[in-house]
Amino acid sequence: MINLIYLTTLLPLLGFLINGLFGRKIKNEKIVGIIGSATIGLSFLVVLGAFIQTVGLPIESRSNTVELFSWLNVGGLQIKFAYLVDQLSLTMSLIVTGVGFLIHVYSIGYMHGDKGFWRFFAYLNLFIFAMMNLVLGDNFVVLFLGWEGVGLCSYLLIGFWYDRKFEKGTTSQAAKKAFVVNRIGDFGFLLGMFLIYMTFDSLNFKEVFTRAASFPIAESTFGLIALFLFIGATGKSAQIPLFVWLPDAMAGPTPVSALIHAATMVTAGVYMVSRASIIFASAPAIMTVVAVIGLLTALMAASIGLVQNDIKKVLAYSTVSQLGYMFLAAGVGAFSASIFHLMTHAFFKALLFLGAGSVIHGMHDEQNIQKYGGLKKYMPKTYLTFFIATLAISGVPGLSGFFSKDEILWSAYANGGFVFWLIGAITAMLTAFYMFRLVSLTFYGKERFSARGGSGTDGDHHHVHPHESPALMTIPLIILAFLSVVGGYVGIPKIFSGEHGNLFEGWLEPIYAPALAKLESFGSHTHFEEILLMALSVAAALSAIYFALHVYRKNPQIAENVSNKFKGLYNLLLNKYFVDEVYEAAVVQPVQKGSEKFLWKIFDVKFIDGMVNGVASLVEKSSGVVRKIQTGVAQSYAVVMMAGIALVLLWLILSL
Amino acid sequence: MSSIPMEYYLILSAFMFCVGVAGVLIRRNAIVVFMCIELMLNSANLTLVTFSSYLGNSIGQVFVFFVMTVAAAEAAVGLAIIIAIFRNKKTVNIDEINIFKW
Amino acid sequence: MNIQLILFIVLASVAATSSVVMITRKNAVISAVFLVLNFFALAGLYLLLNAQFIAVVQVIVYAGAIMVLFLFVLMLLNTETEHKLFADKRAIKVFAILISAFVFVQVAYLIFHGSPSRTLTPDEAASVKAGTIQAIGQQLYTNYIIPFEVAGFLLLAATIGALVLAKKKFE
């Protein structure tokens, strides 16, 4: 099965081609949907088979390369298009194809009736193709191919409803913003790749990482490489300073937000940092940068999510915040913890987004949570699964989120110090708070959706009838809820599981062994400390949940009073710290004005056009002069001939 | 012969040749141009005869014979052409015979 | 300073000056007359070189036939006197004169550099013998008989050509 791993990319590509080329003619939505989903389902089965096969292999031989063809052969650079099937890529592949399949099935129901139905599935399949190339590639170039491919698909899918308005602009503008910000990160990634090739003379993972572990290379070189790679990761995974595209990406359909901006594409940065763990481990200064940025991003995004009123925006900022946790883990050396959180987050965040999509679908495209309320009795299945996911993300013990988040907080304390743990714990409290705020405002309390200051002419036009979603949409919700509950048990920390150890960590350990060897060993901390901290963070989370329920379920007036009292802070958070405005003024406007005034009007028109026209006019003028030699009078020709004779004689004399 | 160095004759011949060239390039009357050409031919004749005399070989003078023949033929035909042109253009001024000018 | 050198100097200066004067006269007929004078000087020089036959042929053919033809055509065409020499197209004319002078200087240098009289010992008797009509005739009718015949044809062709070109059209 391992040798058939190329099917996991080939099948989605075929799905893209079939749906893309013939989808318009296949009028039947069911067929398009089945083609789109079946390819991913089959890919999942192939990955599962490869996984089972790899588990049966001894630990030393769990890393296998499947070579497809020789891709680039330029001078000393030889890049083969090959897939690396090892523990890390299998884990990522399972997540991508598994969650991807569920979202495909969900989309059949969600996008029902849309006139671009076939286009949607074509793009989704293309995305899975690119993402699988990203996680399976055995060298940086295939990874970059997938990296760019998912960026492209993100653009296509965010701007899917190209004729719709979105906030102050259009969906196309949001898509462009995502692409451009991604590109800035990609530039950093490219620089990192160039440096890697210069330093290690190869771009193949195995070769680069073995050389990184053994060659004596300056720490500053590692630092530079790691920094550039991390810049690429901040672009793709929406960290400070390149996170501004993710909230705008909510302009796309909700399954897109679930798949791309929760479970898979945004995790590509985490995967890349994880894959290049040895490089990061060799540059401790950059590891600190990664951890600090992750932490700050987590805190900042959580604070913004506290006051947002669009259901998808809250979830978007929550995604940014949770990604910050993953980078925090990577930054303190707990690479397997970051991948563990990646997995659990994929489950519950995809579930949250799909549930939000279900709510939006049932509320006829209303997304403002201030207009929800009391939906629990209209959409029981949606409510139940959403609630489970909220418990998971808040770190309630027993569910998957608890185990993964706790692993991260513990590693932060053990390797980063008390401050890291404290800020992480505060962020966890904020997470629990805004998630339960979201649940309360949406599902509990009074119904607020009949014409409360509606945007239209009169309210009664918008008398909505919320309803539960069809089975095609609720069954994936249920499956994801199940995974959100049990998914964490593969990563039970050592203190609970005794001699089994942390299964997940042990599974991934061979990947990170070289990196962990380079890092200073984790300080010795006692089990008591670990349990104490765990109890503290659980207590914090539970208190935040209680507080949120108290305010938003029973007494919403408190929220109003607080927001009025701290009006400045409230405004700051509501406007996301004005980061977009700052970027617009400091970066976008100068670049645009500079291009317009200088590059276009002066450089292009005067200089380049001038050069081209100048050559033409030079030829014209000189030919105008030279043509006067043709006088038509034979005597002037004779003069020229005599001059020639004179020259020949001169040459003759000189050569004597 | 023995007292006059050969170079004197050759220099005189070169001088006459260059004067002829200057005349060809400067004068505008077609017939005068022809006469300058005859001057050039004569300077060549002088060179040939000089060498023939100083080498004691009569082949040079045979060559002069033929040069004169050709010069005569050329003068006759050239003047006939000038007469024909004069009939059409009523002038022998070279500057005005410029139908080749584009 | 013997008589030959004096004769040479006189004849050479006549030839040189007459050629220079010839190209600078406005009146074409005057130019033709000076050219005749030049030919006579050349004939004298030929005699100094013991080329009896060529000297005589020079006077008969060149001065006697060709120049008469030139004068006939000049007077027939009745050309008006030219304007002053340097009236227009000054630059080209000055340039032409300079070029010619430059070429003359170069050729003179080459002549003196080659210096043929260093390697050549002229033999008076052979020179006299070479200039006689017998020697020339001998060469013409034995070694160069074919060019001789071709020259005849050339003259025939020239005659016919001149006739055709210059006659009036049949009415």
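The shown structure was predicted, so the numbers you read here are calculated from the model rather than taken from an experiment. (Residues numbered from 1 in each chain as written. Chains lettered and ligands numbered in written order. Predicted model: local features only at pLDDT ≥ 70, side-chain atom pairs only at ≥ 80, totals over all residues.)

For chain C, the count of helices and strands is eight helices and zero strands. Along chain C, helices and strands appear, N-terminal first, in the series α-α-α-α-α-α-α-α. Across the 171 residues that make up chain C, the buried fraction comes to 32%. A separation threshold of at least 6 residues defines the contact pool for chain C, and within that pool the share at least 24 residues apart is 58%. (Helix = DSSP H or I, 4+ residues; strand = E, 2+ residues; numbered from the N terminus. Buried ≥ 20, exposed ≤ 12 C-beta atoms within 10 Å, placed from the backbone. Contact = placed C-beta atoms within 7 Å.)

On to the overall build of chain A. The helix and strand inventory of chain A stands at 26 helices and four strands. In terms of overall dimensions, chain A has a C-alpha envelope of 115 × 70 × 55 Å along the principal axes. Taken over 656 residues, chain A has a buried fraction of 49%.

This part takes up unusual backbone geometry. Residues and elements named next belong to chain A. Of the consecutive residues I240 and P241, the connecting peptide bond is found in the cis state with omega at 0°. You can see P241 is positioned in the loop between helix 8 (219-236) and helix 9 (245-248). In this structure, D201 takes a positive phi of about 60° despite not being glycine. We note that H364 has phi near 55°; this positive angle belongs to a residue other than glycine. Structurally, H364 can be placed in the loop between helix 15 (335-362) and helix 16 (380-394).

What follows concerns helix 1 (residues 7-22) of chain A. All names here are of chain A. Between the first and last C-alpha of helix 1 there are 21 Å, a value that for 16 residues agrees with the 22 Å anticipated at 1.5 Å per step. By the burial criterion, the buried members of helix 1 are T8, T9, L11, P12, G15, F16, I18 and N19. Tucked into the core, helix 1 has its buried residues touching helix 2 (29-55), helix 3 (87-110) and helix 4 (117-136). (Expected span 1.5 Å × (residues − 1).)

Bringing the interface of chain C and chain A into the picture now. The partner chain A presents ten residues to the eleven residues of chain C that form the contact. Across the side of chain C that touches chain A, the residue classes break down as eight nonpolar, three polar and no charged. (Nonpolar A, V, L, I, M, F, W, Y, C, P; charged D, E, K, R; others polar.)

A word on the interface of chain C and chain B. The interface is formed by 72 residues belonging to chain C together with 63 residues belonging to chain B. Elements represented by at least two residues in the side of chain C that touches chain B include exactly helix 1 (3-24), helix 2 (28-48), helix 3 (52-77), helix 4 (90-114), helix 5 (116-119), helix 6 (124-131), helix 7 (133-142) and helix 8 (145-166) of chain C. Of the residues forming the side of chain C that touches chain B, the biggest block, twelve residues, is contributed by helix 3 of chain C. Grouping the amino acids of the side of chain C that touches chain B by side-chain chemistry returns 55 nonpolar, 13 polar and four charged.

Let's shift gears to the environment of A:W651. Mapped onto the elements of the fold, A:W651 is located in helix 26 (residues 634-654). A:W651 sits 132 residues away from A:L519 along the chain, and the two C-alpha atoms are 79 Å apart.

Attention now moves to the pairing of strand 2 (residues 77-85) of chain A. All names here are of chain A. Where strand 1 (residues 64-74) meets strand 2, nine bridges bridge the pair, whose relative direction is antiparallel. Along strand 2, the bridge assignment pairs E67 with A82. What sits between strand 1 and strand 2 in their antiparallel hairpin is a turn of two residues, with G75 showing a positive phi close to 60°. (Pairing = 2+ DSSP bridges.)

Let's shift gears to the domain arrangement of chain A. Residue and element names in this part refer to chain A. Here the domain parsing of chain A yields domain 1 (1-138), domain 2 (144-451 + 462-570) and domain 3 (581-654). Domain 1 puts 34 residues into the contact, and the matching count from domain 2 is 43 residues. Elements supplying a minimum of two residues to the side of domain 1 that touches domain 2: strand 2, helix 3 and helix 4. It is helix 3 that contributes the most residues to the side of domain 1 that touches domain 2, 16 residues altogether. Of the residues contributing to the side of domain 1 that touches domain 2, the split by class is 23 nonpolar, eight polar and three charged. (Domains from an automatic or database assignment.)

One finds A:F127 and A:A350 to be the most contacted residues of the largest nonpolar core, which totals 199 residues. Tallying contributions element by element places helix 4 of chain A first for this core, with 17 residues. For this core, the two domains that each supply at least three residues are domain 1 (1-138) and domain 2 (144-451 + 462-570) of chain A. If you look at the next biggest cluster of nonpolar residues, it comprises 83 residues, including B:V32, B:V62, C:A43 and C:M67. (Core = buried A, V, L, I, M, F, W, Y, C linked by C-beta atoms within 7 Å.)

Moving on: the environment of C:V29. Residue and element names in this part refer to chain C. One can find V29 in helix 2. Along the chain, V29 and Y109 lie 80 residues apart, while their C-alpha atoms are 35 Å from each other. If near-sequence neighbours (up to four positions away) are discounted, V29 is found in contact with L71 and L74.

This part is about the packing of helix 26 of chain A against helix 1 (residues 6-26) of chain B. With their axes 8 Å apart at the nearest point, helix 26 of chain A and helix 1 of chain B run at an angle of 145° to one another. Residues A:Q635, A:A638, A:V639 and A:M642 of helix 26 of chain A form the contact with helix 1 of chain B, whose own contacting residues are B:V21, B:V24 and B:L25. Split into classes, the residues belonging to the contact of helix 26 of chain A with helix 1 of chain B amount to six nonpolar, one polar and no charged. (Axes fitted to C-alpha atoms, helices over the stretch in contact; angles between N-to-C directions.)

Residues and elements named next belong to chain A. Position of L480 among the secondary structure elements: in helix 19 (residues 471-486). You can call L480 buried: it has 31 C-beta atoms within 10 Å. Along the chain, L480 and L352 lie 128 residues apart, while their C-alpha atoms are 9.5 Å from each other. The contact partners of L480, leaving out residues within four places of it in the chain, are L102, F347, A350, L351 and L354.

On to the packing of helix 17 (residues 400-416) of chain A against helix 18 (residues 418-443) of chain A, then. Residues and elements named next belong to chain A. The interhelical angle for the contact between helix 17 and helix 18, taken along N-to-C directions, is 155°, at an axis separation of 6 Å. As the angle between them shows, helix 17 and helix 18 are arranged roughly antiparallel. Of helix 18, the residues touching helix 17 (which contributes K405, L409, A412, Y413 and G416) are F418, F420, W421, G424, A425 and A428. Taken together, the residues of the contact of helix 17 with helix 18 sort by class into eight nonpolar, two polar and one charged. (Parallel < 35°, antiparallel > 145°, perpendicular 65-115°, else oblique.)

For helix 3 (residues 59-89) of chain B, which comprises 31 residues, the first-to-last C-alpha distance of 44 Å matches the rise-based estimate of 45 Å (1.5 Å per residue) to within 8%. Positive phi appears at B:K90, one or two residues downstream of helix 3 of chain B, with a value of about 60°.

Next up on the list: the confidence of the model for chain A. When the pLDDT values of chain A are averaged, the result is 85; 95% of them are 70 or greater. Taken together, the stretch residues 451-462 of chain A has pLDDT below 50 and engages in nine contacts with residues farther than four places along the chain or on a different chain. (pLDDT = per-residue confidence, 0-100.)

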